[in-house]
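Next come the chains, spelled out residue by residue.
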Amino acid sequence: FRGGKDQGPGAMIERLWRSLGIERRKVVEYVKQCNRKGTIAGVKHAYLLGVADPTNELLKGQIFLPGMGKENGVRDRVFITRSPCVEAQDGRLVRVVQSKPKRMQKKNWAFLNQFPFGIVIFGPPIGQTTPLPTLIANGDLDGDAFFVCWDDTIVRSVKSAPRLTAARCKLVPSSTSPRSEETWLYAAQDVMRDVDWFVDIKTLNGRLWGASKRTADQSSRFMNDPTAAQLAKAYKLSLDLAK
């Protein structure tokens, strides 16, 4: 959960929700619900560590939330994203596995259920497709925390989240990968020594993020505004440059 006095989802998530068709009054009500004094019962979201399914027997394209189920208010779908979420397509509705899949061994189902609340376990992709975490704001499973919301009003109000379809993932052969070159380490060291370059990239990150945010906030289409969307894409590219 978020620390500090404000237990709401934060401005970035709220902007994403508005971009996905959730009415302002519903977003405001959920934020108020999260911040009711003396209780956290209204907080129906959390940042969970993403991990791969160790059994490889979960249903394709679905997730499992240890420690959560129908008794905790989690239905068959949840809203999920990760930070930074600057494009409308960064938010997804994902199905949740709530009972043992037919093909899963009982011992493996018991194994998954022994994990405590705090992680989101991703099932395999649908066929030879893009892994599910990658479809969620280009996430991965090397330590990324995913924002998961199971509030029924929020989940039912999402109107335009992209469906999880069999999006193809084009693999780059290892022989053409930049890291396969013998000189990649020296090239990386040259970049790391260029302090001014890093400062310039960080400045560019901030300016693109600010411009994207302002444009989305000033438009009735929010993140779906064409200019805001282009600025968001440029911001993401600038983040990759800084890596």
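Data block above holds the structure.
Before going into details, it helps to say that this report is about the structure given with it.

What counts and what doesn't
- Residues numbered from 1 in each chain as written.
- Predicted model: local features only at pLDDT ≥ 70, side-chain atom pairs only at ≥ 80, totals over all residues.
- Heavy atoms only, no water.
- Pairing = 2+ DSSP bridges.
- Helix = DSSP H or I, 4+ residues; strand = E, 2+ residues; numbered from the N terminus.
- Contact = heavy atoms within 4.5 Å.
- Axes fitted to C-alpha atoms, helices over the stretch in contact; angles between N-to-C directions.
- Salt bridge = Lys/Arg side-chain N within 4 Å of Asp/Glu carboxyl O.
- Buried < 20%, exposed > 50% of the residue type's maximum accessible area, 1.4 Å probe, protein only.
- Arc of directions from axis to C-beta.
- Polar contact = N/O pair within 3.5 Å; in protein donor to acceptor, adjacent residues only side chain to side chain.

### Some thoughts on the sheet that holds strand S4 (residues 92–95)
Then, in step 1: In spatial order, the strands read S2-S5-S1-S6-S3-S4; together these six strands make up an open sheet with mixed pairing. Bordering the open sheet on either side are strand S2 (63–64) and S4, each of which pairs with just one other strand.
Then, in step 2: Sheet topology places strand S3 (residues 77–82) next to strand S6 (residues 145–149); four bridges connect them, and they run antiparallel. Paired with Phe79 across the bridge in S6 is Cys149.
Then, in step 3: In the packing of helix H1 (residues 11–19) onto the sheet, contacts are made with strand S1 (45–52), S3 and S6, and the angle to S3 comes to roughly 125 degrees.

### Details of the pattern of salt bridges
Then, in step 1: Per the stated rule, a full pass over the model turns up 10 salt bridges.
Then, in step 2: For Asp217, the salt bridge identified is with Arg15, shortest N-O distance 2.7 Å. Note that Asp217 is positioned in helix H7 (residues 195–218) and Arg15 in helix H1, a separation of 202 residues in sequence.
Then, in step 3: The class for Arg15 is buried, based on a relative accessible area of 9%.
Then, in step 4: Here Glu87 ties to Lys236 by a salt bridge, and the two come within 2.8 Å at their closest N and O atoms. One end of the pair, Glu87, is in the loop between S3 and S4; the other, Lys236, is in helix H8 (residues 226–241), with 149 residues separating them in the sequence. The residues Glu87 and Lys236 share a single accessibility class, namely buried.
Then, in step 5: Three or more residues are tied together by salt bridges with common partners; here these are Glu87, Asp90, Lys233 and Lys236.

### Focus on helix H2 (residues 24–34)
Then, in step 1: Every buried residue of H2 is listed here: Val27, Tyr30, Val31, Gln33 and Cys34. Viewed end-on, H2 has its buried residues packed into an arc of 160 degrees, placing them on one side of the element. Relative to its buried face, H2 has exposed residues pointing more than 90 degrees away, namely Arg24, Arg25 and Lys32.
Then, in step 2: On its buried face, H2 is in contact with H1, S1, S6 and helix H5 (152–157).

### As for the environment of Ser99
Then, in step 1: Structurally, Ser99 can be placed in the loop between S4 and helix H3 (106–113).
Then, in step 2: Given a relative accessible area of 51%, Ser99 falls into the exposed group.
Then, in step 3: Note: C-alpha distance between Ser99 and Gly69 (30 residues apart in sequence) is 9.1 Å.

### As for the side chain of Arg82
Then, in step 1: If you trace the backbone, Arg82 turns up in strand S3.
Then, in step 2: A polar contact is formed between the side chain of Arg82 and the side chain of Asp144, at a distance of 3.1 Å.
Then, in step 3: Contact partners of Arg82, with chain neighbours within four places excluded, come to Ile136, Ala137, Asn138, Gly139, Asp144, Ala145, Phe146 and Phe147.

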